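Below, each chain spelled out in residue letters.
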Amino acid sequence: MITGKFTLSKYKFIDLFAGIGGFHYALSSFGAKCVYASEWDEYAQKTYWQNFGIVPDGDITKVEESNIPQHDILCAGFPCQAFSISGKQKGFEDTRGTLFFDIARITKYHRPKVLFLENVKNLLRHNNGNTFQIIIQTLQELDYNVFFKILNTGEFGLPQHRERVYIVAFRKDLKNKNLFCFPSKKIVSCLENVLEKHPNNAKIIERNDIMINKNFNNPHTLFEDFKYPNKPIQIGFINKGGQGERIYHPAGHAITLSAYGGGVGAKTGLYLVNGKVRKLSPRECARLQGFPDSFKINENLNQAYKQFGNSVSINVLQYILFEIEKVLLS
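Residues numbered from 1 in each chain as written. Predicted model: local features only at pLDDT ≥ 70, side-chain atom pairs only at ≥ 80, totals over all residues. Heavy atoms only, no water.

Re the packing of aromatic side chains
Next, step 1: Counted by the stated rule, this structure contains 18 aromatic pairs.
Next, step 2: A centroid spacing of 5.8 Å and a plane angle of 85 degrees characterise the contact between Tyr25 and Phe291, whose relative ring orientation is edge-to-face. With Tyr25 in helix α1 (residues 22-28) and Phe291 in the loop between α6 (282-288) and α7 (301-310), the pair connects residues that are 266 residues apart, well separated along the chain. Side by side, Tyr25 and Phe291 carry an identical accessibility label, which is buried.
Next, step 3: Ring plane angle 45 degrees and centroid distance 4.5 Å describe the contact between Phe291 and Phe295, whose orientation is recorded as tilted. The pair formed by Phe291 and Phe295 is uniform in burial state, with each residue classed as buried.
Next, step 4: Ring pairs connect the aromatic residues Tyr25, Tyr48, Phe52, Phe291, Phe295 and Phe308, which therefore count as one cluster. (Phe/Tyr/Trp six-rings, centres within 6.5 Å; stacked < 30°, edge-to-face > 60°. Helix = DSSP H or I, 4+ residues; strand = E, 2+ residues; numbered from the N terminus. Buried < 20%, exposed > 50% of the residue type's maximum accessible area, 1.4 Å probe, protein only.)

Shown next, in the form of structure tokens:
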């Protein structure tokens, strides 16, 4: 997590589909104040409360927009769903019955200055591109200028390969909205710098079918100018090397953290650390998403992995916020 400058201290935000509060951390690091949060998962609600002192509302589909406080910025890492009549070019009406509709109806009522959204990369291809087309059309129909781009967490100082689409929309009456552009970074990082020396709950794998078939003991000589190549380095596998069965070197990046997934390395991937093949610990997963070590992790191991797999990457949000603030403060 990088340090903001509290330049947005006059701004209020709401945190929809809040998870464990990645957006909250990012916005509050710039001084913005959270006035409302919503998250239906009870385990994530508990983690959010433990870290921010706010108990998020439950099902956002049952919350009247008039009961949500006025705000300047709406944040949401919303789930991706098929739209029942996508392709009919009805914009706002096409989103009914989906969770994006709740973002749209709240936006229509409150008209925040900025929308800041995150989703999986596949959203752009979902339903042959119709889903994303309707999202953009809906925001434009609500009188917003929309910007979007796929960014990789691994380019922003967090050693995790994680591609996500980020959407930033400015209300059209804002001045200098066209100043906005997404950040472009190439910050070198490696997994070994976020590993714990003596981790708890980092499962060690001891099996007869572990195969290490590549030697990356000296990354500097192998990659010439790059000591750390800023991408995952596969060096072996377990069983047949399927999903969750590949082994990586800590001089590279972690693979994408996942809330689900199978295989012996499910959710975190497998890494050769100090001569042993193991999964990552929950604290290491927290660091890969940009959460500080002061962050309180859910005591349920499965839920902790799920929560970090579902989370947004804080560093990426912060670099985007640096660009958003140029518009808001101009």
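Quick look at the sheet that holds strand β7 (residues 204-205)
Next, step 1: If you walk across this open sheet you meet the six strands as β7-β12-β11-β10-β9-β8, and the pairing is mixed. At either margin of the open sheet sits one strand with a lone partner, and together these are β7 and β8 (210-212).
Next, step 2: Bridging between strand β11 (residues 270-273) and strand β12 (residues 276-278) involves three bridges; their strand directions are antiparallel. Across the sheet, Leu272 pairs through a bridge with Val277, a residue of β12. (Pairing = 2+ DSSP bridges.)

Some words on the confidence of the model for the protein chain
Detailed reading of the predicted model is not advised wherever pLDDT is low.
Next, step 1: Scored by pLDDT, the protein chain comes out at a mean of 90, with 89% of its residues at no less than 70.
Next, step 2: Scored below 50 in pLDDT, residues 221-226 makes six contacts in the model with residues more than four places away or belonging to other chains. (pLDDT = per-residue confidence, 0-100. Contact = heavy atoms within 4.5 Å.)

Observations regarding the side chain of Asn230
Next, step 1: By secondary structure assignment, the location of Asn230 is in the loop between α5 (219-222) and β9 (234-238).
Next, step 2: With relative accessibility at 8%, the residue Asn230 sits in the buried group.
Next, step 3: Among the polar contacts listed, one links the side chain of Asn230 to the backbone oxygen of Gly154, at a separation of 3.4 Å.
Next, step 4: Dropping the residues within four chain positions of it, Asn230 is found in contact with Gly154, Glu155, Lys186, Ile187, Val188, Ser189 and His253. (Polar contact = N/O pair within 3.5 Å; in protein donor to acceptor, adjacent residues only side chain to side chain.)

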